[in-house]
Each structure stands twice: as C-alpha cells, then as structure tokens.
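Okay, here's what each chain looks like letter by letter:
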Amino acid sequence: MSAAITLYVPGDAGALSLGADAVAQALAAEARARTREVRIVRNGSRGLYWLEPLVEVVTAAGRVAYGPVTAADVPKLLDAGMLDGAPHSLRLGDITTHPWLASQQRLTGARLGIVDPSDLDDYIAHGGYVGLSAALALAPQDIVRTVADSGLRGRGGAAFPTGIKWQTVHDQRVAQKYIACNADEGDSGTFSDRMIMEGDPFALIEGMTIAGLAVGATLGYIYLRVEYPHAARALAKALDVARRRGYLGKNLRESGRDFDIAVRLGAGAYICGEETSMLESLEGRRGEVRVRPPLPAIKGLFGQPTVVNNVITLATVPLILARGAMFYRDFGVGKSLGTIPLQLAGNVKHGGLVERAFGLTVRQLVYDYGGGSATGRPVRAVQIGGPLGAYLPESEFDTPLEYEALSAKNALLGHGGVVVFDDSVDMARMARYALEFCAIESCGKCTPCRIGSTRGVELVDRILTSANGRRDADLALLDELCDTMFNGSLCGLGGMTPFPVRSALKHFREDFAGERGDRFI
Amino acid sequence: MNHADVQRCVSAAIKKFGAEPGPLLEILHAVQDELKHVPPEAVPLIAAALNLSRAEVHGVVSFYHHFRGTVPGHTVVQLCRAEACQSMDARALAEHVTRRLGVGFGETTADGRVTLDAVYCLGNCACAPAMMVNGELHGRVTPERVDELARDWGVRN
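Residues numbered from 1 in each chain as written. Chains lettered and ligands numbered in written order. Predicted model: local features only at pLDDT ≥ 70, side-chain atom pairs only at ≥ 80, totals over all residues.

### Some remarks on the overall build of chain A
Our working definition: In this text, helices come from DSSP runs of H or I with a minimum length of four residues, and strands from runs of E with a minimum of two, each type numbered from the N-terminal end. The size measure is the radius of gyration over C-alpha atoms, and the globule rule it meets is 2.2 Å times the number of residues to the 0.38 power. Exposure is read from a count of other C-beta atoms within 10 Å of each residue's own; the residue is exposed at 12 or fewer, buried at 20 or more and partly exposed in between. C-beta atoms are placed from the backbone. Note on contacts: residues are paired as contacts if their backbone-placed C-beta atoms lie within 7 Å.
Within chain A one finds 21 helices and 16 strands. The globule rule puts the C-alpha radius of gyration for 521 residues at 24 Å, and the 24 Å found for chain A is close to it. Principal axes of the C-alpha set define a box for chain A whose edges measure 85 × 60 × 40 Å. When each of the 521 residues of chain A is scored for burial, the buried share is 57%. A separation of at least 24 residues holds for 73% of the contacts in chain A among residues at least 6 apart in sequence.

Below, the structure is given as structure tokens:
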C-alpha cells in the first residue's frame with residue numbers, strides 16, 4: 001500500500017457556498033471505493049472564486065489543481081486519474097503559474113490556500129512566527145519604529161499610519177492597554193478579512209501579539225461580525241492551538257511577556273465597523289459613535305489606551321517584522337506603500353482576491369483580472385470602498401487604486417472592495433439604496449445621519465416621480481442635503497453616504513430623469 | 001416558552017460571562033443561541049444581574065439586528081441585499097423568495113417553518129448573490145436553487 005495522497009479542498013466559506021463540503025465527501029468516498037488512501041486538508045481559498053471549489057492533489061511534481069469541481073464531477077475525475085495528477089478538462093495544473101495568480105504580489109495573503117489553517121506547524125513551515133521572534137529581540141520602541149518605517153496605513157478604510165497610532169498607545173504610561181482588532185468587515189464587496197481569518201488565522205494572531213509587545217498591551221479582542229460563523233470557528237481553533245503551544249498566554253515563548261486574545265461577536269450592526277462604535281459594542285452597549293477626542297489610542301476600550309486596527313493591517317505586521325520595513329515599503333507608490341489586497345466582486349467574470357503593490361488601475365483590475373462582467377454585458381460602473389464609496393463610470397477607469405489618486409476623484413479606496421455593475425444598473429436606484437442603507441444602519445446619535453438619510457430617500461423618490469420643473473429644485477436640495485450630511489455627521493456613515501449619492505448624480509445624471517418604470521420593488 | 005427555562009438559561013449565561021468586563025452582548029448571544037430569541041422576560045433578569053436598568057438592556061437588544069424578541073421559524077433564511085449581490089440581480093431573487101415563501105423580510109411563514117431576514121453582506125461578494133440558511137452559506141444563488149432548497153425547508157409548491 002502506497003502512502004496516502006494529500007488532497008486540498010478549501011474550507012473557506014466562499015468555497016463551501018459552492019459545494020466544497022460535498023466535494024470533499026465525494027472524494028473521500030470515491031477514493032475509498034478505489035482503495036486509494038487519501039488525506040484531505042481543508043485549506044483556505046487562494047481567492048480565484050470562479051474556480052472554486054478548487055481541489056489540489058499533491059503529486060511528485062507538486063500540487064496539481066482541478067476546478068471548479070462539483071461533487072458530481074468526482075467519480076469521473078478519479079476515473080481519469082486525478083489522484084495522480086492526470087489530464088482532465090477541469091485540470092488547471094500548477095495554479096501558482098496561472099497568470100491571474102502569478103502576476104500578483106501576495107504578501108499579506110502569501111499563505112492563503114496553501115497552508116492548513118488549523119496547523120501551527122504548517123504555518124511555521126511557511127514563514128510563520130519569524131516576525132514574533134524578531135519582535136521579541138527588539139525593544140518595544142523599535143518594533144513601533146519598524147512598523148512606522150514600513151509606511152503601513154490602516155487597511156480598514158481610514159488609511160491612518162499604523163506606526164503613529166502605535167506610538168501614541170506606546171507612549172501612554174498606564175497599567176492596562178488593549179489591542180482591538182476590527183473584524184467587522186461589513187462593506188459589501190469585501191472579504192479579505194474573512195479569507196485571512198479562515199485561511200491563515202495565525203497571521204492575525206501573530207500580528208496582534210506583536211502589537212501587544214510593541215505598545216505594552218497584555219490583552220487583545222477580536223471584534224468579529226456575527227455573519228462570519230466560519231471565521232469564528234477557524235479563529236477559535238487557531239487560538240486554542242496557539243495557547244496550548246505557548247504562543248499566547250503568560251510568558252509566551254518563554255519571553256517573560258504575556259498576551260492573550262478573546263473573540264467577541266458583533267450582532268449585525270454595520271455601524272460597529274466604525275472604531276468608536278465598535279468599542280462601545282465591545283463594552284456591551286449600543287454601538288453608538290463616540291465623540292472624538294479623546295482618541296481611542298489615548299482613551300479607548302474600557303477607557304484605556306487601545307490600538308484599533310483592521311484584520312489586514314494586523315496580519316501584515318508579522319511580515320514587516322520578519323522581512324524588514326524597507327522590504328515592505330519598496331512595494332507601492334507615493335504615500336500608498338506596500339501591497340493592497342483588492343477584492344473584486346459583484347457582476348464580474350473572474351472575481352476574487354487580487355493582492356498587488358498599490359497602483360493598479362481600475363481598468364486593469366476589472367478587465368485584465370476580472371475579464372469584464374459576468375453577464376457578458378458592457379460594464380457601466382464600479383463602486384469602490386463599500387457602501388460609502390463612490391461610483392466611477394468607465395471614463396474614470398484609468399484611475400490608479402491608491403489613496404491619493406482616488407481622493408483626487410472624490411472617491412476612496414476604503415477596505416479595497418471593488419464591485420462591478422453592468423449596463424442594466426439603475427444608478428438612481430443605487431443612490432437611493434445608499435441613503436436607505438444609511439437610514440437602516442444609522443446609530444441615531446447625530447441628526448444629519450439619522451434624519452438626513454430618510455429625507456434623502458424621500459427626495460430621490462420625489463425626483464423620480466415629479467414633474468421637470470420641481471425636479472431641478474429637488475436635485476439642488478439633494479445636493480444641499482449631502483453637504484449637511486458630509487459636514488455635520490459625527491462619523492463616516494452619515495459623513496460618507498454622500499459619496500455614492502453625489503458620484504451617481506455627477507456621472508449618471510440621466511438615470512435621475514425618471515423615465516424608468518421598473519423601479520423600487 | 002416556560003418561565004423556568006428562561007430563568008435557568010439566563011442564570012447560566014450570567015454565571016458564564018457575568019464576571020467579564022462589559023458582558024451584556026455575550027450574555028445576549030448565549031441566551032439567543034439557546035432559546036433562538038431573547039424573550040422579553042429575560043430582560044429584567046439580565047438587568048438586575050448586571051446592575052443595569054431594563055431600558056438599558058432593552059436598548060441594546062433592540063439596537064442590534066441579530067437579536068430577536070420572538071422565536072423564529074425552524075429555518076432562518078438570510079438573503080443578502082447589499083450592492084455586490086444587487087449587481088447580480090439580488091432584487092429579482094428577493095422577489096422570487098418573498099413570493100415563494102409568501103412573506104416579506106423580517107416575517108415568518110404562517111406555519112412557523114421559515115423566517116426570512118434581510119442581511120447586508122455575508123462576505124461572499126465574488127460569488128453573488130449570497131444567502132445563508134441556518135448558518136450555512138450559499139453562493140451564486142438562483143431562483144431554481146431556492147426552489148430546490150425550499151423543499152428541505154418544508155415549503156410546499
């Protein structure tokens with residue numbers, strides 16, 4: 001009997017949503033029927049979602065991929081000799097040479113789809129915990145300096161320099177500080193946090209541990225959205241292993257330092273992705289926005305200095321410590337340094353995770369990677385940066401996906417999600433939806449957001465049904481309302497809802513003319 | 001729901017999480033995980049244990065979309081209505097699902113089998129439209145797929 005053949009079948013939520021569990025079961029059953037011994041590893045996704053479930057078999061010549069595989073394909077695949085890497089119409093070969101993947105610069109997502117997310121030794125074999133070892137040899141101030149020198153900016157959306165935030169917390173002279181990881185990835189079109197938590201959770205755990213060492217915090221919280229049950233399970237498993245193996249807890253790695261992590265679940269509130277609402281929620285209250293100052297770095301969780309960082313930001317830290325600040329900052333352009341995990345979503349043929357140095361244009365992303373729309377119709381618009389991000393028309397697709405260039409276009413990169421729409425999209429309906437979403441998710445603390453969003457929905461409805469004379473006045477009023485929300489809201493929800501509304505008005509004004517009869521179901 | 005059951009469930013949750021800092025959401029999650037909702041009679045019990053007012057606890061329960069005050073159907077269907085799913089015609093899918101089930105969003109079928117909820121992003125945006133059924137995620141959902149699954153939910157044609 002030969003040694004067991006290793007198969008990789010992603011356990012990533014996206015792959016599962018396309019039947020990966022049934023594929024894994026079919027592979028086990030069919031292999032047994034052929035008296036072939038197999039070992040099935042549930043890896044994360046490599047992020048080529050149109051090829052999921054993407055199965056890989058380990059052969060003497062390396063990993064050979066097949067995809068997209070359904071459970072019904074499995075008997076024929078095995079008949080064709082899949083377990084030995086034989087040819088088949090679904091055979092993709094070595095997936096790392098696929099141009100979609102080979103052209104990427106996977107730094108934060110380097111291990112996605114490659115390692116077993118519950119196997120600490122696999123993590124270590126792929127470069128894991130080198131960053132922590134480096135950090136343990138440094139003074140806290142030097143860890144902070146390394147992160148500052150790398151140019152890393154918060155990947156959650158605000159793009160605040162991570163090193164400056166850490167320095168502020170580092171400089172506070174108090175007994176208790178916290179690391180709070182924002183895993184409330186609520187923006188439509190984004191899923192990179194989910195992929196990391198499910199596919200490489202030790203990277204986040206290591207990053208938070210390094211943050212704790214740097215600023216002098218002994219406890220970290222991961223505020224995870226309740227819509228991510230798969231990530232919750234993956235994190236629980238990884239945290240348990242890390243604790244048992246001495247990578248978390250008291251005197252971790254015999255360093256004399258303590259750090260531990262607790263996961264806390266959100267409860268379905270988009271606003272809790274805003275950092276001060278998240279802190280309120282972590283404290284067990286309504287997720288209402290806090291007035292700043294004081295900054296969370298000075299008075300954050302339970303009134304103590306707190307580093308609040310997104311999953312991607314923290315999961316990037318181990319690499320920076322392992323390879324050095326200069327290695328990381330050599331990627332990127334201008335003030336957008338390093339790589340950005342872009343998430344290509346919506347009506348697109350080849351959606352998924354595209355991690356590259358900053359500077360890729362929208363056009364390259366949508367056409368070179370995305371292959372155009374999934375429906376085959378012309379692409380009309382993209383929304384970048386989630387529900388508070390601007391819509392860009394085709395004429396703006398040469399804009400590079402980096403912070404300053406987008407800002408110059410009254411747009412933003414946010415958490416890096418890009419949602420593609422074909423020419424069937426009704427942009428007045430999308431503008432109305434942006435306001436409606438703001439009304440549904442507003443925490444209610446400030447008036448421009450709480451009331452303005454509802455008045456905005458009513459205004460759009462009126463614009464689309466009223467006579468021409470009134471429409472111009474109402475369009476001007478909608479613009480004024482956007483002004484009020486932009487300038488008068490306490491946080492980004494009310495303050496940035498004007499971005500999708502105004503960009504739709506600017507670039508797709510013809511959709512507000514009111515002729516379309518199929519609106520508003 | 002038997003009052004003694006509620007009392008026992010709340011006491012267990014408070015015993016488990018009550019000593020942690022800011023434990024209210026954890027307690028509410030524990031109660032809802034077991035009872036499938038947060039019964040109104042649980043609110044004063046939790047408030048008393050945490051030295052909060054009933055209004056404060058009710059305020060938290062009602063703030064979050066996830067917490068519900070009534071028992072949902074046997075199957076909870078969460079259909080994503082956010083932008084990425086809209087770009088793949090989630091509106092038409094929503095029409096189909098509401099027609100098929102005969103209920104609107106936030107409602108439960110008369111026979112108590114299915115509750116339909118709106119959700120704003122399940123993180124499956126490259127496989128839109130997305131839907132979660134009792135915690136199980138589905139991608140690239142079509143009306144036909146919904147009809148197939150609906151048989152398992154006990155929905156008659």
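### Concerning the domain arrangement of chain B
What counts is decided by this rule: Each domain's extent is set by a domain assignment, obtained either automatically or from a database.
For chain B, the assigned domains read domain 1 (3–63) and domain 2 (75–152). Here the C-alpha centre of domain 2 of chain B lies 29 Å away from the C-alpha centre of domain 1 of chain B.

### A word on the environment of Leu 28 of chain B
All names here are of chain B. Tracing the backbone through its elements, the reader meets Leu 28 in helix α2 (residues 24–35). Separated by 18 residues in sequence, Leu 28 and Ile 46 place their C-alpha atoms 8.8 Å apart. Once you skip the residues sitting within four places of it in the chain, Leu 28 turns out to touch Val 38, Val 60, Val 61 and Phe 67.

### Topic: the interface of chain A and chain B
By convention, interface size is frequently given as the accessible area that disappears when the constituent parts associate. Put simply, the test is: Under the scheme applied, nonpolar residues are Ala, Val, Leu, Ile, Met, Phe, Trp, Tyr, Cys and Pro; charged residues are Asp, Glu, Lys and Arg; polar residues are all the others, including Gly.
With 49 residues of chain A at the interface, the matching set in chain B holds 37 residues. When residues of the side of chain A that touches chain B are traced back to their parent elements, those giving at least two are α1 (13–16), β8 (260–265), α12 (275–282), β12 (339–346) and β16 (417–422) of chain A. Partitioned by chemical class, the residues of the side of chain A that touches chain B number 24 nonpolar, 17 polar and 8 charged.

### Quick look at the packing of helix α10 (residues 201–215) of chain A against helix α13 (residues 311–323) of chain A
All names here are of chain A. Operational definition: Each axis is a line fitted through C-alpha atoms, taken for helices only over the stretch in contact, and angles between the N-to-C directions span 0 to 180 degrees. Oblique is the label for any angle not covered by the other classes, which are roughly parallel (under 35 degrees), roughly antiparallel (over 145) and roughly perpendicular (65 to 115).
With their axes 7 Å apart at the nearest point, α10 and α13 run at an angle of 75° to one another. Overall, the two elements α10 and α13 adopt an arrangement that is roughly perpendicular. Where α10 approaches α13, its residues Ala 203, Leu 204, Glu 206, Gly 207, Met 208, Ile 210 and Ala 211 are matched on the opposing element by Val 311, Leu 314, Ala 315, Thr 316, Val 317, Pro 318 and Leu 321. Counted by class, the contact of α10 with α13 contains 11 nonpolar, 2 polar and 1 charged residues.

### Side note on unusual backbone geometry
Look at the link from Arg 292 of chain A to Pro 293 of chain A: it is a cis peptide, with omega at -5°. You can see Pro 293 of chain A is positioned in the loop between α12 and β9 (306–310). In this model, Pro 293 of chain A is joined to Pro 294 of chain A through a cis peptide bond whose omega is 5°. The backbone phi angle of Asn 410 of chain A is positive, close to 55°, even though this residue is not glycine. With respect to the helices and strands, the residue Asn 410 of chain A is situated in the loop between α16 (403–408) and β16. Even without being glycine, Arg 140 of chain B reaches a positive phi, approximately 45°. Tracing the backbone shows Arg 140 of chain B in the loop between β5 (136–138) and α7 (143–152). A residue is classified by how many C-beta atoms lie within 10 Å of it, and Arg 140 of chain B, with 18 of them, is partly exposed.

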